[in-house]
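Overview (structure and organization)
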Amino acid sequence: MVVTRRQRQAAEDANIDADEYDLNVPVSAAAKTPTKGAPPSKQHDHAHHDHRGCPAHLLKEGTNGESKTKENEESESQLSQVISYGIILLLAFITYATYPGNTLGNKGLDPTIHTVFYYGWISAISTGFGVLPLCFVREMKEYWVGVSNAIAAGMMCAASYSLFMEGCTFHDDNDDSSLSPVVRTAIGCAMGLLFILGTKSFLDSHEDVKVGSLSGADTRKILLIVFVMTLHSFSEGVGIGVSFGGEHGNELGVFISASLAVHNIPEGLAVAIVLLPRKVSKATAAIWCVVTSLPQPLMAVPAFMFVHSFLPLLPVGLGFAGGAMMWVAFMELLLEAYEDTDMVTTGVASTLALGVMLAVQRQIEDSH
């Protein structure tokens, strides 16, 4: 059976294979105008075909199928929203229930595991506030998605630079490693690059990966970025624990935790900028932002308990996170920003974001 282009288009609109059509009217007969003496059955058959030669009942079934699919997607979206708000309430309850009371920030008391965990938890929760500036944006066009990716890349480059500098200039009297901090940071950077390349290769080989309503390239990119931001939180968690376990105790630990909490807000913004254009709701994006920082309270406790064991590894962890984050910023976000905008826009947006992020970090350091 020969299927015309219009018939095939009609079949695609109705989500039906055009080769499965049972067209009772021959092509030669359908091309002719029916005569007055034509049998009633022929006239009836033509009356139930549209101008493309597609049976009307098939078009109706296709339209009903599309509407049902749309309704299912809307119901799934509503369910996802309810779950997201429930998780946010759970996070708020945990924040309230785990408050350590009068031991929080008390200079007269030695830090405890409870207070160390809570400061790491507050630092992680602050990442979710990065979504707030985007709550006033309803929909982003392709050009502004590119600009957002460039801004996120600039922020991640600034974070990578800070991690490298912190690793290279690391110094502690209890650090007994025979390798210099620069060498350990470089080793960590190489390991981070190799690790993120392996992760990307794994995700690319699993094209059917799906998260919620997202699938394909969008899901792989989201998982890659969330994974990298989560990795760098491990070293930040170690930093919180080590600062509480050092000679300055509560005083330095409180400052480091507060600095990271402020620093995590623009990092959460960088994650949200990548998630929201890919049809992720604001509530879900806030949860993902918090998830990327959850290693901070989880790593702060063991680092505090075994501070002397974690000290030599801290530059390696900082370099590891910095290398992975730098790769994603250049090879994923900047390239995608260039495709959606142009070279000048990508360069200006990313450079401005880099400068502002570095200025904020410098201000935080100078305030100590």
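Rules behind the numbers
Residues numbered from 1 in each chain as written. Predicted model: local features only at pLDDT ≥ 70, side-chain atom pairs only at ≥ 80, totals over all residues. Heavy atoms only, no water. Helix = DSSP H or I, 4+ residues; strand = E, 2+ residues; numbered from the N terminus. Buried < 20%, exposed > 50% of the residue type's maximum accessible area, 1.4 Å probe, protein only. Contact = heavy atoms within 4.5 Å. Areas by Shrake-Rupley, 256 points an atom, 1.4 Å probe, with all protein chains shown as cover. Phe/Tyr/Trp six-rings, centres within 6.5 Å; stacked < 30°, edge-to-face > 60°. Core = buried A, V, L, I, M, F, W, Y, C linked by side-chain atoms within 4.5 Å. Expected span 1.5 Å × (residues − 1). Axes fitted to C-alpha atoms, helices over the stretch in contact; angles between N-to-C directions. Left-handed = near helix turned anticlockwise from the far one by under 90°. Nonpolar A, V, L, I, M, F, W, Y, C, P; charged D, E, K, R; others polar. Patch = residues over 30% accessible without salt bridge, like charges linked within 9 Å, V, L, I, M, F, W, Y side chains within 5 Å. Salt bridge = Lys/Arg side-chain N within 4 Å of Asp/Glu carboxyl O. pLDDT = per-residue confidence, 0-100. Polar contact = N/O pair within 3.5 Å; in protein donor to acceptor, adjacent residues only side chain to side chain. Parallel < 35°, antiparallel > 145°, perpendicular 65-115°, else oblique.

Looking now at the overall build of the protein chain. Along the protein chain, the regular secondary structure elements total 14 helices and two strands. Counting only residues that meet the buried cut, the protein chain has 45% of its 368 residues in that class. Long-range pairs, those at least 24 residues apart, make up 77% of the contacts in the protein chain with a sequence separation of at least 6. Here the protein chain has roughly 20,300 Å² of accessible surface; of this, 62% comes from carbon and sulfur atoms.

Turning to the side chain of Asn-149, a few remarks are in order. Its place among the elements puts Asn-149 in helix H6 (residues 142–168). The exposure class assigned to Asn-149 is buried, which follows from its relative accessible area of 0%.

Before going further, it helps to examine the packing of aromatic side chains. Scanning the model with the defined rule gives six aromatic pairs in all. Seen in terms of ring centroids, Phe-195 and Phe-227 are 5.8 Å apart; in terms of plane orientation they differ by 25°. Their pairing is stacked. With Phe-195 in helix H7 (residues 181–204) and Phe-227 in helix H8 (residues 217–245), this pair connects stretches of sequence that are 32 residues apart. Judged by relative accessible area, Phe-195 falls into the partly exposed class, the value being 35%. Geometrically, the ring pair formed by Phe-195 and Phe-320 is tilted, given 5.6 Å between the ring centres and 50° between the ring planes. You can see Phe-195 sitting in helix H7 and its partner Phe-320 sitting in helix H13 (residues 314–340), a full 125 residues away along the chain. An aromatic cluster of three or more residues is present, and its members are Phe-195, Phe-227 and Phe-320.

Our next topic: the nonpolar core. One recurring pattern in soluble globular proteins is that nonpolar side chains are buried together. Counting residues in each nonpolar core, the largest one holds 50 residues, and the members touching the most others are Met-156, Ile-196, Val-228, Val-238, Met-325, Val-328 and Leu-333. Counting residues per element, this core draws most heavily on H13, at ten residues. The contact partners of Met-156, leaving out residues within four places of it in the chain, are Val-228, Met-229, Met-325, Val-328, Ala-329 and Leu-333. If you look at the next biggest cluster of nonpolar residues, it comprises seven residues, including Val-116, Tyr-119, Phe-244 and Leu-260.

In this section: helix H5 (residues 113–125). The terminal C-alpha atoms of H5 lie 18 Å apart, and with 13 residues this matches the ideal 18 Å at 1.5 Å per residue to within 8%. Three or more residues of H5 are buried, namely Thr-115, Val-116, Tyr-118, Tyr-119, Gly-120, Trp-121, Ser-123, Ala-124 and Ile-125.

Let's shift gears to the packing of H6 against helix H9 (residues 250–275). Contact pair H6 / H9: the axes reach a minimum separation of 9 Å and the direction vectors enclose 145°. The hand of the H6/H9 crossing is left-handed. Residue-level inspection shows Ser-148, Asn-149, Ile-151, Ala-152, Met-155 and Ala-159 of H6 in contact with H9, the latter providing Pro-266, Glu-267, Leu-269, Ala-270, Ile-273 and Val-274. Each residue belonging to the contact of H6 with H9 can be placed in one class, and the counts come to nine nonpolar, two polar and one charged.

This part takes up the environment of Val-316. In this structure, Val-316 sits in helix H13. C-alpha of Val-316 to C-alpha of Ser-235: the two residues are 81 residues apart in sequence and 8.8 Å apart in space. Setting aside residues up to four positions removed in sequence, Val-316 forms contacts with Arg-184, Gly-188 and Met-191.

A cluster of nonpolar side chains, Leu-179, Val-183, Ile-187 and Met-191, forms an exposed patch at the surface whose accessible area comes to about 310 Å². Along the chain, Val-183 falls in helix H7. On the basis of relative accessibility, which here comes to 37%, the residue Val-183 falls in the partly exposed class.

If charged atoms from side chains of opposite charge come close, those side chains can pair. Going through the model one piece at a time under the given rule, you end up with one salt bridge. Put simply, Asp-175 and Arg-184 hold a salt bridge, and the shortest N to O gap is 2.8 Å. For Asp-175, a relative accessible area of 18% corresponds to the buried category. Accessibility expressed as a relative area gives 3% for Arg-184, which makes it buried.

Here the focus is the confidence of the model for the protein chain. Here the protein chain averages 76 in pLDDT, and 71% of its residues register 70 or above. Counting contacts from residues 1–9, a segment whose pLDDT is below 50, to residues more than four positions away or on other chains yields 16 contacts. Note on residues 16–33: pLDDT under 50 across the span, and 29 contacts to partners over four residues away in sequence or across chains.

Here Thr-230 shows up in helix H8. According to the relative accessible area criterion, Thr-230 is buried, its value standing at 17%. Of note is the side chain of Thr-230, whose polar atom sits 2.6 Å from the backbone oxygen of Val-226. Here Thr-230 is in contact with Val-291, Thr-292 and Pro-295, once residues within four sequence places are set aside.

All right, on to the packing of H6 against H13 then. Where H6 contacts H13, the two axes come as close as 8 Å, and the packing angle between them is 160°. Overall, the two elements H6 and H13 adopt an arrangement that is roughly antiparallel. Of the two possible hands of crossing, H6 and H13 adopt the one that is left-handed. Here the contact of H6 with H13 is composed, by residue class, of 21 nonpolar, seven polar and four charged.

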